Amino acid sequence: MILTVTPNPSLDRTYEVPSLDRGEVVRATGERVDPGGKGVNVSRAVTAAGRRTVAVLPLGGAPGALVADLLDAQGIEVAPVPVAGATRSNIALAEADGVLTKINAPGPELTAAERELLLDTVRRQSPGADWIACCGSLPRGLAPSWYAELVARVHAAGVRVALDTSGPALLAALRERPDVVKPNAGELAEAVGRPLATVGDALKAAEELRGMGARAVLASLGADGQLLVDDDGAWFGTAPVDAVRSNVGAGDSSLAGFLVAGGRGPEALASAVAHGAAAVRLPGSVMPAPADLDPAAVTVTADVPADRVLREPVS
């Protein structure tokens, strides 16, 4: 079982549009409403893969009730943490050329009692979990050290932790040695404080995160592939994608693929790459099912192409 923790979930509306022109009336060609938040997406992808998951998340107001209903309809167990504020609603505009514009609301501010209830709910749901995936931004009311506290408590219970967050929350949590962290290229560059122009730059940055405490780093490099660095070495994985329909949740799908494949080594990296490549071919934040995957198209190598220039360098 994979337990997910999403401190700042959302109700996500995705509109597919031909193009986005400021000041003009834009007519959508497609629309989806999904439960959102990085951990929620991991749970959705785990369920699509046929594995059990439990989603821990604070929920409030009508948007929160709808998030719970949507997850229940997808067969996902929810361990809700009632909060006074309303769950945030986000909007994504997906253009025909693959460009995505997102408008993310801040979300409710959690009280001290709600913060403690969230931690206690994770503790009560932890027994029997193979992994706990802690994902996404922190809502107002949670200090950057909150993830660090959560990782410490989870490790004390003997459960492995995957962490997908950024900024001060990521840096603070590294001291508690999460079992794997999953930054994208921008988050990786932010963590080390310098730009990334090549795969080699990303490799060095991942090694620095390991030096700060991460036991393994699974880095998403967008169209350039994914990088895994752990105690056993480094691997680079790629898969061809002819057309990107939406990259919403692609990184979350990758993390789910990594965890359901055991969360370690090149086989898990190959699963992550296959899930990420499949996700970008689907509309909105639809998570790929096994039929959507093309494992044969994935290439994983221990010969990391350090000199390869990133198609999307991060400044």
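Cut-off values and rules
Residues numbered from 1 in each chain as written. Predicted model: local features only at pLDDT ≥ 70, side-chain atom pairs only at ≥ 80, totals over all residues. Heavy atoms only, no water. UniProt positions renumbered as here; feature names shortened; annotations may be inferred. Pairing = 2+ DSSP bridges. Helix = DSSP H or I, 4+ residues; strand = E, 2+ residues; numbered from the N terminus. Axes fitted to C-alpha atoms, helices over the stretch in contact; angles between N-to-C directions. Buried < 20%, exposed > 50% of the residue type's maximum accessible area, 1.4 Å probe, protein only. Polar contact = N/O pair within 3.5 Å; in protein donor to acceptor, adjacent residues only side chain to side chain. Contact = heavy atoms within 4.5 Å. Parallel < 35°, antiparallel > 145°, perpendicular 65-115°, else oblique. Left-handed = near helix turned anticlockwise from the far one by under 90°. Nonpolar A, V, L, I, M, F, W, Y, C, P; charged D, E, K, R; others polar. Expected span 1.5 Å × (residues − 1). Salt bridge = Lys/Arg side-chain N within 4 Å of Asp/Glu carboxyl O.

An unreviewed UniProt entry lists the chain under the name 1-phosphofructokinase, from Streptomyces atrovirens. UniProt lists a comment for the chain under the heading Sequence similarities (unreviewed entry), and it reads "Belongs to the carbohydrate kinase PfkB family."

A. How the structure looks around the sheet that holds strand 2 (residues 10–17). Strand order in this open sheet of 4 strands is 3-2-6-7, and the pairing throughout is mixed. The sheet is open, and its two edges are formed by strand 3 (30–36) and strand 7 (100–103), each paired on a single side. The sheet shows a mean angle of 20° between the axes of neighbouring strands, direction not considered. Bridging between strand 2 and strand 3 involves 7 bridges; their strand directions are antiparallel. Considered in strand 3, the bridge of threonine 14 is made with arginine 32.

B. Fine view of the UniProt feature "domain: Carbohydrate kinase PfkB" (unreviewed entry) in the chain. As annotated in UniProt, the feature "domain: Carbohydrate kinase PfkB" (unreviewed entry) corresponds to residues 16–290 in the numbering used here. Each end of residues 16–290 is marked by a C-alpha atom, and these two atoms are 25 Å apart; helix forms 38% of the span and strand 23%.

C. Seen up close, the side chain of threonine 53. Among the secondary structure elements, threonine 53 is positioned in strand 4 (residues 53–59). Of the residues examined, threonine 53 reaches a relative accessible area of 3% and is grouped as buried. A polar contact of 2.9 Å, which involves the side chain of threonine 53, links it to the side chain of serine 43. For threonine 53, the contacting residues outside a window of four places in its chain are Met1, Ile2, Thr4, Ser43, Val46, Thr47, Ile76 and Glu77.

D. Focus on the packing of helix 3 (residues 112–125) against helix 4 (residues 146–156). The N-to-C vectors of helix 3 and helix 4 enclose an angle of 30°; their axes lie 10 Å apart at closest approach. Here helix 4 runs roughly parallel to helix 3, going by the angle between their axes. For the pair helix 3 and helix 4, the sense of crossing is right-handed. Residues Arg115, Glu116, Leu118, Leu119 and Val122 of helix 3 pack against Trp146, Glu149, Leu150, Arg153 and Val154 of helix 4. By residue class, the composition of the contact of helix 3 with helix 4 is 6 nonpolar, no polar and 4 charged.

E. Spotlight on helix 7 (residues 199–212). Helix length check: helix 7, at 14 residues, gives a terminal C-alpha distance of 20 Å against a target of 20 Å (1.5 Å per residue), a fit within 8%. Within helix 7, the full set of buried residues consists of Val199, Gly200, Ala202, Leu203, Ala205, Ala206 and Leu209. Just past helix 7, the residue glycine 213 takes up positive phi, approximately 140°.

F. Layout of the environment of alanine 68. Along the chain, alanine 68 turns up in helix 2 (residues 61–73). Look at alanine 68 and you get partly exposed, because its relative accessible area is 23%. Taking the C-alpha atoms as reference, alanine 68 lies 29 Å from serine 220; in sequence the two are 152 residues apart.

G. Spatial organisation of the pattern of salt bridges. By the definition in use, this model includes 17 salt bridges. One salt bridge connects glutamate 116 with arginine 153, and the closest N-O pair in it is separated by 3.5 Å. Of this pair, glutamate 116 sits in helix 3 while arginine 153 sits in helix 4, and the two are 37 residues apart along the sequence. With a relative accessible area of 40%, glutamate 116 lands in the partly exposed category. Taking relative accessible area as the criterion, arginine 153 reaches 37% and is therefore assigned partly exposed. Between aspartate 232 and arginine 264 there is a salt bridge, with the nearest N and O atoms lying 2.9 Å from each other. In this pair, aspartate 232 is assigned in the loop between strand 13 (226–230) and strand 14 (233–238) and arginine 264 in the loop between helix 8 (250–260) and helix 9 (265–279), connecting sequence segments 32 residues apart. Relative accessible area serves as the criterion here: at 54%, aspartate 232 is assigned to the exposed category. By relative accessible area, which is 49% here, arginine 264 ends up partly exposed.

H. Region of interest: unusual backbone geometry. Positive phi outside glycine occurs at arginine 177, with the angle close to 60°. Mapped onto the secondary structure, arginine 177 falls in the loop between helix 5 (167–174) and strand 10 (180–181). Arginine 177 sits in the partly exposed class, given a relative accessible area of 41%.

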